[in-house]
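So the chains spell out like this:
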Protein chains: 2
Amino acid sequence: MKQKTKPAVVLLSGGLDSATTLAMAMDAGFSCYALSFDYGQRSSAELNAAKKVAQAAGVQEHRILKIDLGQFGGSALTDHDIAVPQSEFAQDTDASSVDEIPITYVPARNTVFLSLALAWSEVLDARDIFVGVNAVDYSGYPDCRGEYIEAFQTMANLATKAGVEGNRLTVHAPLIDLTKDQIISAGSNLGVDYGLTVSCYAAEASGAACGQCDSCHIRKQGFVVAKIDDPTTYA
Amino acid sequence: MKQKTKPAVVLLSGGLDSATTLAMAMDAGFSCYALSFDYGQRSSAELNAAKKVAQAAGVQEHRILKIDLGQFGGSALTDHDIAVPQSEFAQDTDASSVDEIPITYVPARNTVFLSLALAWSEVLDARDIFVGVNAVDYSGYPDCRGEYIEAFQTMANLATKAGVEGNRLTVHAPLIDLTKDQIISAGSNLGVDYGLTVSCYAAEASGAACGQCDSCHIRKQGFVVAKIDDPTTYA
């Protein structure tokens, strides 16, 4: 058994990607502090999934920070007056394409979440943050690209005591260049139970997925290509 | 009268610096959206001051976002088990000195606040954020330095739709190299009523300042040097 002494903050949404990222951080020997957000998302299924995933992984601690990004509006994921699109699914998985930004985009979400991870990491004296961003399936999200993560890391090292003192912080984004099937294969090898995770934009409180939204399409296809049984419960 | 059409998000704490920054943003012709945080600070005086300052300035809108940074602990400003130091006042105002980090430091505070300002600016289509950070009196805070602000701006332009599309965002920190008396002189010329503002770390709910903490010392001295009557109410 690996020695788990180095603390890391891991952003955990309850989705497939962050569950895999957590498994990778655990496997790398970090003592993991999982951080989730109650940010006004319409579905409670995501947070319930995050709790189950954190428990199954055996994290050191799991915190859910309430922050009402819905107050700002501007996204179908938090603005209750905008319908979640069912027909937005794009075949384009070119990571360099940022021409079309999906309307499911939450304003500055990753920046806000990483900033709060940075705050907790500072208190924990953790020098590592893990985030499950992915530039392949989410090519339309500017804050899911490698150059964004690098810029955040640079900023973070100028922002904090430890960074200024030369004890540099690393933002790990181990999924950034993986396809969904590669992510699923990697997680399955690490024992991730994807039946606990929720990816659906319109998931029921029970965790059952709609099977129709972009996120469901991408996820389903990932299991097919990875040749791994899809444990997802569809409504 | 100047035309006020360009929106800007202005971080407003209720202190002397952010009130001055807001006045500068208004004077530059921006339509200002003031953003304050209820972040578990021990004193309610700050937020009451922010409301008064926002109203007096005639902002377009003032939002107070609740976010419990106190959950993470690690600072005298939010951790109710740590006493606010009375004797920490340092004469050193060398902006390059980051050797001693005051224990009143809140983990990643400016990063968290700027990130949330970024989220709101994106919804508002604002390309300007104003923040009252100052590297002179707060030389011990890494996230009050110019290189930090620049790194945040670089990151922000990679994080958002507008930045990626070439409509760059600017983080304005107009006070960054000013001394306290210069800030007070500039704000007074713009009609800022500093009697509405609260700088004290241990302010009473009424807004009365202790007159003893670092922040009170720096503020008092600023009025003396600026040769402007100090309108602060001391307990």
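Residues numbered from 1 in each chain as written. Chains lettered and ligands numbered in written order. Predicted model: local features only at pLDDT ≥ 70, side-chain atom pairs only at ≥ 80, totals over all residues.

Colleague: Help me understand the nonpolar core in this model?
Modeller: Within soluble globular proteins, side chains that are nonpolar tend to cluster in buried spots. Core analysis: the largest hydrophobic core is formed by 141 residues, its most contacted members being Val-10 and Leu-22 of chain A together with Val-10, Leu-22 and Cys-32 of chain B. If we skip the residues at most four places from it in the chain, Leu-22 of chain A touches Val-10, Leu-12, Cys-32, Ala-34, Val-53 and Ala-57 of chain A. (Core = buried A, V, L, I, M, F, W, Y, C linked by C-beta atoms within 7 Å. Buried ≥ 20, exposed ≤ 12 C-beta atoms within 10 Å, placed from the backbone. Contact = placed C-beta atoms within 7 Å.)

Colleague: Explanation requested: the interface of chain A and chain B in the structure shown.
Modeller: The parts lose accessible area when they come together, and the size of an interface is often stated as this lost area. The partner chain B presents 35 residues to the 35 residues of chain A that form the contact. Listed by contribution, the elements that provide at least two residues to the side of chain A that touches chain B are strand S3 (61-66), helix H3 (109-124), helix H4 (146-159) and helix H5 (161-164) of chain A. For the side of chain A that touches chain B, the leading source of residues is H3 of chain A, giving ten residues. A per-class count over the side of chain A that touches chain B returns 22 nonpolar, eight polar and five charged. (Helix = DSSP H or I, 4+ residues; strand = E, 2+ residues; numbered from the N terminus. Nonpolar A, V, L, I, M, F, W, Y, C, P; charged D, E, K, R; others polar.)

Colleague: Would you explain the sheet that holds strand S4 (residues 128-130) of chain B in this entry?
Modeller: Consider a sheet: its strands pair through backbone hydrogen bonds, and that pairing is either parallel or antiparallel. All names here are of chain B. What the five strands build is an open sheet, ordered S3-S2-S1-S4-S5; its pairing is parallel. At either margin of the open sheet sits one strand with a lone partner, and together these are strand S3 (61-66) and strand S5 (170-172). Averaged over neighbouring strand pairs, the angle between their axes works out to 25 degrees when direction is ignored. Here strand S2 (residues 30-38) runs beside S3; their pairing, made up of six bridges, is parallel. Residue pairing in the sheet places Leu-35 in a bridge with Arg-63 of S3. (Pairing = 2+ DSSP bridges. Axes fitted to C-alpha atoms, helices over the stretch in contact; angles between N-to-C directions.)

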